[in-house]
Amino acid sequence: MQIARFLLPVLLVATLIPLTQAAAGSPVRVRINTSHGVENARGAVKDAGLSVATDVIVTTSSEFNGRPYLPPDKFMQDAQSVHATIMSSSFSGWDYLFDTQLYKQLTENDLVQVYAYVPRKDQPSNAPPPAAFATVNLIGGKTGGGIEFGIPRGYMNSHGQSDTPSGVTAQLAGLMASLKYNHPDWNWFDVKAALRTTASNFPTGYNPGKSGYGAIDYQAANALTASSHFPLFPPAAVMRTARNNTVIFAINSFKQNRRVADALFKFRMRPFPMLKDLTLAELTALGGKLLFTGDRSETTNSLTVQLASNEMTFFVWLSKDSNGLYSRIEPYSILGPLFFIPGKTSIVIDPK
């Protein structure tokens, strides 16, 4: 049995300066956490057919390879000091709770951080892929809960390719920045949605045992146009339990341009993943009961729900668009089952 825990975003002390989205033709600035992997990021930009002098500009927080390494919150401040909107950390130590801790600071300032999926300890099997971060590793390397993408060794067979987790992390940052330059009307969630939609595992659904959404396809993602036609992706939500049959959710909304709100459904039995946009009628037919719809990302980024005792419950978090369609149900969308026993602590049963 396992209870999911999350931490509150308390790491950041300094005030960050909001940035506006770059206009068409404006350079996209990438900040690398020390010079580790910088040539892979610049190489990826060249592979995308862009200029590292005028289109996507890659700089480093330090000229010393690996020294000094900046933790995620300090790295955000550093990136903002040079007007970068995408960051890359090619270091071990990924923890899925980073996304909850720093979600609001990243999203409020139009930032995204690419992080190597090289955790110091195994992540929970049902940890969601991050919303405000992007995690990546080599195909065939370390994979598990919370990984988002994989990149094959020698990907694109040119300047950005790498045989190390560090190199492919910087490579992904360079490719994401290139997508943003080519599609300035996309926000960072749209960039990630384009990569998810065209990745190898998208047709069969997110799989933490196979690099999450799988191997990226930059060319296919770059060929997409209107972000309003992208599939909807669920928020990266985690939960913890408290007294009095209370469940507290941290909701890391996946705020692609198409999404207008998040929605929480309750199920008595575990629903199957559904790999298409869904209507409310379809979700109700599957046994879902709508508990909440709205946008908490601009305020507390959390939601508290009370349950009755002796009631087995599965929660499913989804995104919603302006036409009333809901996102596909991915395995990480499903939280629980949760069961409260009168006079005793709550139980979250491990999905395995």
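Structure: above.
Note that the coordinates shown come from a computational prediction; the quantities given were computed from them, not determined experimentally.

Novice: Is there a simple way to explain the sheet that holds strand S2 (residues 56-60) in this structure?
Specialist: Sheet strands pair by backbone hydrogen bonding; their relative direction is either parallel or antiparallel. Taken in spatial order, the 6 strands line up as S2-S1-S3-S4-S5-S6 in an open sheet, and their pairing is parallel. Both edges of this open sheet fall to S2 and strand S6 (149-151), since each of them pairs with a single strand only. Here the average twist between neighbouring strands, direction ignored, is 25°. Examined bridge by bridge, strand S4 (residues 112-116) and strand S5 (residues 133-138) share 4 bridges and lie parallel to one another. In the strand pairing of S5, Ala116 is matched with Val136. Strands in contact with helix H3 (residues 97-108) are strand S3 (86-89), S4 and S5; relative to S5, the strand with the most contacts, it is inclined by about 130°.

Novice: Teacher, can you tell me more about the environment of Arg29 here?
Specialist: Here Arg29 lies in strand S1 (residues 28-32). Judged by relative accessible area, Arg29 falls into the partly exposed class, the value being 32%. Residues Arg29 and Thr85, spaced 56 residues apart in sequence, show a C-alpha to C-alpha distance of 6.1 Å.

Novice: How should the pattern of salt bridges be read in this particular structure?
Specialist: Note on pairing: side chains with opposite charge can pair once their charged atoms come close. A complete count under the given rule lists 13 salt bridges for this structure. Between Arg259 and Asp262 there is a salt bridge whose closest N-O contact spans 3.0 Å. Residue Arg259 shares its accessibility class with Asp262, and that shared class is buried. Here the salt bridges share partners, and the residues they tie into one network are Glu148, Lys192 and Arg196.

Novice: I'm lost on the nonpolar core in this one. Help?
Specialist: For soluble globular proteins, the rule of thumb is that nonpolar side chains tend to be buried together. If you look at the biggest cluster of nonpolar residues, it comprises 71 residues, and the most contacted ones within it are Val56, Ile86, Leu172 and Met176. No other element matches the 9 residues that helix H4 (residues 165-182) contributes to this core. Other than its neighbours up to four places away in sequence, Ile86 contacts Val28, Arg29, Val30, Arg31, Val112, Val114, Ala173, Met176, Ala177 and Trp188. Counting residues in hydrophobic clusters, the runner-up holds 15 residues, among them Val247, Leu307, Phe315 and Leu335.

Novice: Would you explain the packing of helix H2 (residues 72-81) against H3 in this entry?
Specialist: How two helices sit against one another is set out by the angle between their axes and by the gap between those axes. Two numbers describe how H2 lies on H3: the axes approach to 11 Å, and their chain directions differ by 25°. Considering the angle they form, H2 stands roughly parallel to H3. Crossing angle aside, the handedness with which H2 passes H3 is right-handed. On H3, the residues that touch Pro72, Asp73 and Met76 of H2 are Phe98, Leu102, Gln105 and Leu106.

Novice: Is there a simple way to explain empty space enclosed by the protein in this structure?
Specialist: To locate leftover empty space, one rolls a probe as large as a water molecule over the atoms. Taken as a whole and judged by the stated rule, the model has 2 cavities of 30 Å³ or more. One number sums up the size of the second largest cavity: a volume of about 50 Å³. Breaking the lining of the second largest cavity down by element, the ones donating at least two residues are H3 and strand S7 (236-242). Taken together, the residues of the lining of the second largest cavity sort by class into 7 nonpolar, 2 polar and 1 charged.

Thresholds, definitions, all that
- Residues numbered from 1 in each chain as written.
- Predicted model: local features only at pLDDT ≥ 70, side-chain atom pairs only at ≥ 80, totals over all residues.
- Heavy atoms only, no water.
- Pairing = 2+ DSSP bridges.
- Helix = DSSP H or I, 4+ residues; strand = E, 2+ residues; numbered from the N terminus.
- Axes fitted to C-alpha atoms, helices over the stretch in contact; angles between N-to-C directions.
- Contact = heavy atoms within 4.5 Å.
- Buried < 20%, exposed > 50% of the residue type's maximum accessible area, 1.4 Å probe, protein only.
- Salt bridge = Lys/Arg side-chain N within 4 Å of Asp/Glu carboxyl O.
- Core = buried A, V, L, I, M, F, W, Y, C linked by side-chain atoms within 4.5 Å.
- Parallel < 35°, antiparallel > 145°, perpendicular 65-115°, else oblique.
- Left-handed = near helix turned anticlockwise from the far one by under 90°.
- 1 Å grid on protein atoms, 1.4 Å probe; cavity = no way out; pocket = protein on both sides within 12 Å on 5 of 7 lines; lining within 4 Å.
- Points joined across faces, edges and corners; volume = space filled by probe spheres on them.
- Nonpolar A, V, L, I, M, F, W, Y, C, P; charged D, E, K, R; others polar.

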